[in-house]
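# Architecture and fold: a report
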Amino acid sequence: AARLLSLRALRSPGEKSREAYTLSSLAIKASAPSATLHVARAMVLAAAGGRKDALAEARKALSLRKDPPRHTTVAMLGLSQDKPGVALLNLKEALRQDANFWPAHQLMAMVNKPEVADKHMKAALKVAPEEPSVQLTHAARLMATRKASEAIAVLRKVVAARPDREALLMLYQALVVTGQK
């Protein structure tokens, strides 16, 4: 029951922040200590604008289960608070535990200098070549290195798989940069 409450809280955290927070709190109180529930609550808090509290909640999750997903969550929330040291430390630990954990490679590709970022982007693409979020990050890296024509091909693939606002906007920007729009 606690997990169902937590999942319901995650479904629409932006729309009903107070309800999502209440549901995630109830889920945590109603269950044994659970890293998964603390991550869910961290995501609810982050979506509602409580980034500091979200990071603290993610750290609680990490204290319960020190694994690559929890380290990557702490890293992501650390970045949202402009704490790159926290992010890099946790991403390195996630990859030490599992060298093929593509979300950590993907985030490393987003936060490092080009030569390091390229290494991690290649690793993420090798492990999860069809994952839309990895493809979107790849396209962003291509755009950042002035390879808009290459980014267009990647973005068309992303839009076909997941036609969300971010992918469509990035595709439009790439088309404008190349003079195709």
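Everything quoted here is computed from the prediction, not taken from an experiment.

### What about the packing of helix H7 (residues 102-111) against helix H8 (residues 114-127)?
Where H7 meets H8, the axes come as close as 8 Å, and the angle between the chain directions of the two elements is 150 degrees. As far as their axial angle goes, H8 and H7 are roughly antiparallel. H7 and H8 meet at a crossing whose hand is left-handed. Here Trp102, His105, Gln106, Met108 and Ala109 of H7 come into contact with H8, specifically with Ala117, His120, Met121, Ala123, Ala124 and Val127. Residues of the contact of H7 with H8, tallied by class, amount to 8 nonpolar, 3 polar and no charged.

### Here's the deal with H8
For H8, with 14 residues, the first-to-last C-alpha span of 20 Å sits near the 20 Å given by 1.5 Å per residue. The complete set of buried residues in H8 reads Ala117, His120, Met121, Ala123 and Ala124. Across the axial projection of H8, the buried residues extend over an arc of 160 degrees, all falling on one side. Exposed residues lying more than 90 degrees from the buried face of H8 are Glu115, Lys119, Lys122 and Lys126. Elements that come into contact with the buried residues of H8 comprise helix H6 (84-97), H7 and helix H9 (132-144).

### Considering the pattern of salt bridges
Following the criterion strictly, the structure yields 7 salt bridges and no others. Between Arg70 and Asp67 there is a salt bridge; the shortest N-O distance is 2.9 Å. The same class applies to Arg70 as to Asp67, namely buried.

### Describing the nonpolar core
If you look at the biggest cluster of nonpolar residues, it comprises 14 residues, and the most contacted ones within it are Leu136, Ala139, Leu155 and Leu171. Elements that contribute at least two residues to this core include exactly H9, helix H10 (148-161) and helix H11 (165-177). With 6 residues, H10 is the single largest residue contributor to this core. Once residues lying within four places of it in the same chain are set aside, the contact partners of Ala139 are Ala151, Val154, Leu155 and Met170.

### Quick look at unusual backbone geometry
With phi around 60 degrees, Asp82 is a residue other than glycine that occupies positive phi space. By the secondary structure assignment, Asp82 is in the loop between helix H5 (68-80) and H6. Of the residues examined, Asp82 reaches a relative accessible area of 65% and is grouped as exposed.

Rules of the game
- Residues numbered from 1 in each chain as written.
- Predicted model: local features only at pLDDT ≥ 70, side-chain atom pairs only at ≥ 80, totals over all residues.
- Heavy atoms only, no water.
- Axes fitted to C-alpha atoms, helices over the stretch in contact; angles between N-to-C directions.
- Helix = DSSP H or I, 4+ residues; strand = E, 2+ residues; numbered from the N terminus.
- Parallel < 35°, antiparallel > 145°, perpendicular 65-115°, else oblique.
- Left-handed = near helix turned anticlockwise from the far one by under 90°.
- Contact = heavy atoms within 4.5 Å.
- Nonpolar A, V, L, I, M, F, W, Y, C, P; charged D, E, K, R; others polar.
- Expected span 1.5 Å × (residues − 1).
- Buried < 20%, exposed > 50% of the residue type's maximum accessible area, 1.4 Å probe, protein only.
- Arc of directions from axis to C-beta.
- Salt bridge = Lys/Arg side-chain N within 4 Å of Asp/Glu carboxyl O.
- Core = buried A, V, L, I, M, F, W, Y, C linked by side-chain atoms within 4.5 Å.

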